[in-house]
Amino acid sequence: MNPAWWRWRWPAAVLAALLLAVAVGEWAGWPFLGRPLASALSRQLDRRVELGADSGQFRARFLGGLRLRSAVIDIAAPAWSQAPHLLHAVDAEVDLRYIDLWRAGRGERLRIESLRAAQVDAHAERRADGRASWQFGAPDAAASAPPPPQLMRVAVTQGHLRYSDVPLKLVLDADMALTDGERPTLTLRATGSYDGLPVTAALKAERAAADGAAPRPYGLTLVAGVGRASIDFKGTAGAAWPPTDLQGHFSMQGPSLAAVGDALRVTLPTTGPFRIEGELGRSGATWRAQVASATVGTSRLSGDFSFVRGPGTPRLTGQLNGTRLMMVDLGPVVGKEAPAVGAGLRKVLPTRPFDLASLRAMDADVKIDIAEVDLNTSYLEPLQPLRARLTLSAGVLTLADLDARTAMGQLAGSLRLDGSDKIARWDANLRWSGVRLERWLNLARKDGAPPWVSGRLGGTAQLRGTGRSTAEILASLQGQLRTELRDGSVSHLAVEAAGLDVAEALGVLIKGDDALRVQCALADLVAKDGQFKPRTLVLDTTDSVLWVDGALSLATETMDLRVVVTPKDFSPLALRTPLFVRGSFAQPEVTLDKGPLARKVGLGLLLALINPLAALIPFVDPPGTEAATTGPDGCAALVQRSAAMRAAKLAR
């Protein structure tokens, strides 16, 4: 007898007995461990777990991972929930890895290798404070809930899911079935609500046939609607469920892009009806959309965008292209039509409040290149093209590197809307040059008559304002605006009509209108509290000079302007009196200054008592002193004279 062997006979016997017991237990399925295992899982997950523990209703395997076969698996909802349970499965089989159970006990996402059941009823919910019913572990670990469990392989003959997410304002009630086999297939139909809007969804996911040992993706078809917006998607999804990888073709349509932005938690403008088609992909936390065609109203756009939802602020980047953009399609971006005010008067400026909170919901960096921008009026030539860079950071929206071409001219500069506070701050720094006014103002005339006005327009604007809407910002504007017309001309008939020169106007009508050379056309305006007042507003032609003073208020949407025409030539019959342009933007009124006109008429009546022809003497208009303003320094001289006139007016 070998003394060494004899010394280890009892440990060897005990080990052999244990191995035999384990082998028998694994073969039999450890039916007597149902209740102890349920208790252990309850302690590990800090949640009541029940397993079918009666004879023949429970089987378990421990080697290589935890594999449970039970007539019933019931996992309770957390104590704070009113749901009947988190998961109730009948004739269920669950495969888990020990490492995944350990991680779930520490508050991480639970990974389930396999779940098969004849029936499943699940109730998942997340509260406003972030606690989620699929969060396992001690209550103090619920500060940041992990995503729902990740199911690697699933087969459910009949399933029902009730999902409630308070932070997302989402409630879903879904029926589902997932068949197992060579080509597993998931079908799901859901109804519910999102942020008060009705939600419907129909999903079918079919796993591709086996191709070696490579993971098999799902073929995915989705038809969903949120409110009046809907999306169709057909493509593939990753092997895990829910999928973290997607790729396929999508089409989206609805009454406004803002509806899609609300659903995706992306800041998009309020627009007219739209339809978008392209390719959509997701890899981890990054979404990418290659938009082949985007029809918004009658606008035609396209683009390539990436959206990343990480631990910080979501970020959108990309390129927006287009052949045509109609501003009418984006009209609601700045506000809707204002209601009538007072005795039937209607305000013109949009009063719709800005959604400043949406500006803080994400960051963005998007390049814009659009071939044509229609300004929604037949009187202005479109912008061809429009290029800019749009950035959004911490609630500050900036349109920089602006380059727009129109009527052979250019508009450049930047716009900035700071929505980081309760009241928005708006800044504009713009400059324009070389704009051919006769082309930009599309005011065609018949019979080959010259344009009402022509020339090259240039200028600058530095303006700033604050408010909760476009109307409030414009009503608070501060700054200055200066624009000048060079190499220009103006309709002779229009000048004579403005000066009420009857004789000259009749002569022009008889011989035909012609173009008067403009020697100086300058508007130099100062803005304060939404009111624009001219430092200089003058039009100097070879025939007359038109002076304009007064004020134009964006705060009250009213104007009070006075136009005076002084002649450079002789006229035998002129009513020559100042014109007033007054009233609201919606209902302006043009009237005559009746004082000077009444004096001329009264004097004419008195002279008529002496001789009827003498009645015309008050209406004879001799040439003025304005001819001195002609020449290269005429504009400078008029600016000096305008300053002197303004000083004299203030001194009175």
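We now turn to the structure provided with this report. Residue numbers here run from 1 along each chain, matching the order of that chain's written sequence. Reporting of local features is limited, given that this is a predicted model, to residues whose pLDDT is at least 70; pairs of side-chain atoms are given and counted only at 80 or more, and all residues count toward the totals for whole chains, interfaces and linings. With hydrogens and water set aside, each side-chain value is computed from the structure's full complement of heavy atoms.

1. Structural notes on the pattern of salt bridges
Move 1: Here a salt bridge means any side-chain nitrogen of Lys or Arg lying within 4 Å of a carboxyl oxygen belonging to Asp or Glu. Taken as a whole and assessed by the stated rule, the structure comprises 26 salt bridges.
Move 2: Between Asp369 and Arg387 there is a salt bridge, with the nearest N and O atoms lying 3.6 Å from each other. You can see Asp369 sitting in strand β21 (residues 363–370) and its partner Arg387 sitting in strand β23 (residues 386–393), a full 18 residues away along the chain.
Move 3: To sort residues, take the accessible area from a 1.4 Å probe on protein chains only and compare it with the maximum for the residue type: under 20% means buried, over 50% means exposed, and anything in between is partly exposed. Residue classification places Asp369 among the partly exposed positions, given a relative accessible area of 28%.
Move 4: Residue Arg439 pairs with Glu381 through a salt bridge whose shortest N-O separation is 3.2 Å. Residue Arg439 is found in helix α7 (residues 437–440), and its partner Glu381 is found in the loop between β22 (373–374) and β23; the two are separated by 58 residues along the sequence. Going along the chain from the N terminus, every DSSP run of H or I of four or more residues is numbered as a helix, and every run of E of two or more is numbered as a strand.

2. With respect to the side chain of Asp365
Move 1: Locating Asp365 in the fold gives a position in strand β21.
Move 2: Using a relative accessible area of 17% as the deciding quantity, one classes Asp365 as buried.
Move 3: Dropping the residues within four chain positions of it, Asp365 is found in contact with Arg315, Leu316, Thr317, Gly318, Arg389, Leu390 and Thr391. Residues count as neighbours in contact if any of their non-hydrogen atoms are within 4.5 Å of one another.

3. Re the nonpolar core
Move 1: By nonpolar core we mean a set of buried residues, namely Ala, Val, Leu, Ile, Met, Phe, Trp, Tyr and Cys, connected to one another through side-chain atoms within 4.5 Å. Leu51, Leu68 and Ile276 are the most contacted members of the largest nonpolar core, which totals 98 residues.
Move 2: In contact with Leu68, not counting residues within four places along its chain, are Leu37, Leu41, Leu51, Phe58, Arg59, Ala60, Ala92, Glu93, Val94 and Asp95.
Move 3: Counting seven residues, the second largest nonpolar core, distinct from the first, contains Ala124, Trp134, Leu170 and Val199.

4. Some points on the side chain of Asp418
Move 1: As for its position among the elements, Asp418 is in strand β25 (residues 409–418).
Move 2: Within 3.5 Å is the distance limit for a polar contact, defined as a pair of N or O atoms, with the added protein rule that one can donate a hydrogen and the other accept it, and that residues adjacent in sequence qualify only through two side-chain atoms. Of note is the side chain of Asp418, whose polar atom sits 2.6 Å from the side chain of Ser420.
Move 3: Among the polar contacts made by the side chain of Asp418, one reaches the side chain of Arg425 at a distance of 2.5 Å.
Move 4: Leaving out residues up to four positions away in the same chain, Asp418 has contacts with Gly395, Val396, Ile423, Ala424 and Arg425.

5. Structural notes on the pairing of strand β10 (residues 185–194)
Move 1: If DSSP finds at least two bridges between two strands, the strands pair. Bridge count between strand β9 (residues 170–179) and β10: 10 bridges; the pairing is antiparallel. Following the sheet pairing, Ala174 is matched in β10 by Ala190.
Move 2: Across 10 bridges, the pairing between β10 and strand β11 (residues 197–207) is antiparallel. Paired with Thr191 across the bridge in β11 is Thr200.
Move 3: Between the antiparallel neighbours β10 and β11 lie two residues, among them Asp195 with a positive phi of about 50 degrees.

6. Concerning unusual backbone geometry
Move 1: Backbone torsion omega between Gln384 and Pro385 reads -5 degrees, so that peptide bond is classified as cis.
Move 2: Note that Pro385 resides in the loop between β22 and β23.
Move 3: The phi torsion at Asp91 lies on the positive side, around 50 degrees, for a residue other than glycine.
Move 4: The phi angle at Ala407 is positive, at roughly 50 degrees, despite the residue not being glycine.
Move 5: Tracing the backbone shows Ala407 in the loop between β24 (396–406) and β25.
Move 6: By relative accessible area, which is 2% here, Ala407 ends up buried.

7. Concerning the environment of Asp129
Move 1: Mapped onto the secondary structure, Asp129 falls in the loop between β6 (114–126) and β7 (150–151).
Move 2: With 37 residues separating them in the primary sequence, Asp129 and Val166 have C-alpha atoms 8.9 Å apart.
Move 3: Reaching out from Asp129, the side chain makes a polar contact with the side chain of Arg131 at a distance of 2.9 Å.

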